[in-house]
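In case you want the letters, here they are:
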Amino acid sequence: MLKFFNELGVYFILLGKVFKKPDKTKVFWQQLVFEIDKIGLDSLGIVFIISIFMGGVVAIQTAFNIDSPWFPVYSVGFTVRQSVILEFSPTIVSLILAGKVGSHIASEIGTMRVTEQIDALDIMGVNSANYLILPKIVAAMIINPILVVISMFLGIFGGWLACYFTGLVMSAHYVYGVQLDFRGYDVFYALVKTIVFAFLITSASSYKGYYVEGGSLEVGKASTKAVVYSSILIILFNLILTQMLLS
Amino acid sequence: MIEVKNVNKSFNGKHVLKDVSTIFEQGKVNMVIGQSGSGKTVLIKCIVGLFEPDEGSIFFNERNFIGLGFKEKKEIRKEIGMLFQGAALFDSFNVEENVMFPLNMFTEMSLSEKLDRVNFCLKRVNLENVNKLSPSELSGGMKKRVAIARAIAMNPRYLFCDEPNSGLDPKTSILIDNLISEITKEFNITTIVNTHDMNSVFEVGDNIAFIYKGLLWWQGTYLEIMDSDNTELNDFVYATELMKKIKKK
């Protein structure tokens, strides 16, 4: 328990160093653009594949499970939309990004630590935590919601593709279900969750990488821990935010 | 000039530096020697501010580094250049970007001025036409030279070198040693080199401090080492049978 509070304290001290005015604003913007490209655009492929298949699977499962005259056929489109917007896109995509981006951040910063590159920054007088971590956090908080919105469209499209090719639901019924009783607040809720998850993924992974001690073995362990911590935090905050925003 | 006064440092109850006091002079290559685990790296890290000493003071030309805030320390740090054991070049940058990094962070120079300065520094360390290479494409000696170029990019008043010859062949080691010595004299820098390579000590060491079990055990010039009857110093310097025979002669 004492170790947990000690780690929590060190994490908040690190955040205190991160959220300072950058040493050079121009360099910060350059880093930000670079990180948006690395975190966001490099993840487009995996988001595309997961979202399409996720939507397709939800559509097929729903269609099989509501095989009853009491449920209208358009329920499939409605269920796919609600599942994808409320849960699958923000949470599953964030969990996938925790694996891809989180491990990358922890290993990148961890390697810089064990090869003394962070010491080199500190000796030059650069706030290494701010220089390395702030652009990653800000980039993820900007690009992840965009990825999630793309995922929402792709997920719903994937559901339509599954219905169309399997012939379980007619295209017009599916589209009617997708449009039925749409609430903008659901998208707002999903985006708030995504922004919080983006912060958790990048800050927790950076923390694990920044305080690595040892060599390449420890960098590997830090990378694994970064994914585990980020995933647990996502699940935990998913519950908290859902209670706060939807109750 | 850097003055270290009564510096103590412990880790988890282990007293690593014991009341170390010394002066590192300007325009000279000051060598810190000692066995592995003697505390020389901890001393260097205390001086550059990577470790906070438990007690004592460190003066950079009469400015006490200990107890200063981040902003005040930052001003002194801009005057420091450091060559790390593994060079510590930024992997994501090429050679030119590595050397230009401190200029980007701390100066308002135009791109052409920065490029001129980068090329001057690279030429000074005898490296040309390597600007666009990444650190992974460089040999160990070239990496060290790029790291020296980065260290001198901001015209430092103080240069720290941690094991500059580790992993290098004897010939390249001499090149790096001579380069450090030449730069020290040319720009009148206070240079501190942490090493256990006795070839370097005899080649370019102007002032040598021997650390033994966390204590400053002996200090003098390389000529004085030869005449010294300090047992611990002689055990370290003349560790091999060959060196012992040379000492006897």
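Summarised in this report is the structure supplied together with it. (Residues numbered from 1 in each chain as written. Chains lettered and ligands numbered in written order. Predicted model: local features only at pLDDT ≥ 70, side-chain atom pairs only at ≥ 80, totals over all residues.)

### Structural notes on the environment of B:I23
Residues and elements named next belong to chain B. Put simply, the test is: Every helix listed is a DSSP run of H or I at least four residues long, and every strand listed is a run of E at least two residues long, numbered separately from the N terminus. Working definition of burial: number of other C-beta atoms within 10 Å of the residue's own, with buried at 20 or more, exposed at 12 or fewer, and partly exposed in between, all C-beta atoms being placed from the backbone. Each residue gets a C-beta atom placed from its backbone, and two residues are in contact if those atoms lie within 7 Å.
Looking at the secondary structure, you find I23 in strand β2 (residues 14-24). Overall, I23 belongs to the partly exposed group, with 15 C-beta atoms counted inside 10 Å. Along the backbone, I23 and P164 are 141 residues apart, and their C-alpha atoms lie at a distance of 21 Å. The residues contacting I23, other than those within four sequence positions of it, are M1 and E3.

### Focus on the pairing of β2(B)
Regular strands place their side chains on alternate faces of the sheet. All names here are of chain B. Note the threshold: Any two strands between which DSSP finds at least two bridges are classified as paired.
As defined by bridge partners, strand β1 (residues 2-11) adjoins β2 across 7 bridges and the pair is classed as antiparallel. Directly across from E3, in β2, lies its bridge partner I23. Counting the residues in the hairpin turn of β1 and β2 gives 2 residues, including N12, whose phi is positive at 50°.

### Some thoughts on the interface of chain B and chain A
So the rule is basically this: In the scheme used here, Gly and all other residues not listed as nonpolar or charged are polar, with Ala, Val, Leu, Ile, Met, Phe, Trp, Tyr, Cys and Pro taken as nonpolar and Asp, Glu, Lys and Arg as charged.
Facing the 14 residues of chain B at the interface are 13 residues of chain A. Mapped onto the side of chain B that touches chain A, the elements with two or more residues apiece are α2 (70-77), β6 (80-83) and α3 (95-106) of chain B. Among the elements that make up the side of chain B that touches chain A, the one with the highest residue count is α3(B) (3 residues). Residue classes in the side of chain B that touches chain A are distributed as 9 nonpolar, 2 polar and 3 charged.

### Here we look at the pairing of strand β4 (residues 55-60) of chain B
All names here are of chain B. With 5 bridges connecting them, β1 and β4 associate as antiparallel partners. Bridging across to β4, N8 finds its partner in E55. The sheet contact formed by β4 and strand β5 (residues 63-64) spans 2 bridges and is antiparallel. The residue bridging F59 from the neighbouring strand is N64, located in β5.

Shape is all these values report; function is a separate question.
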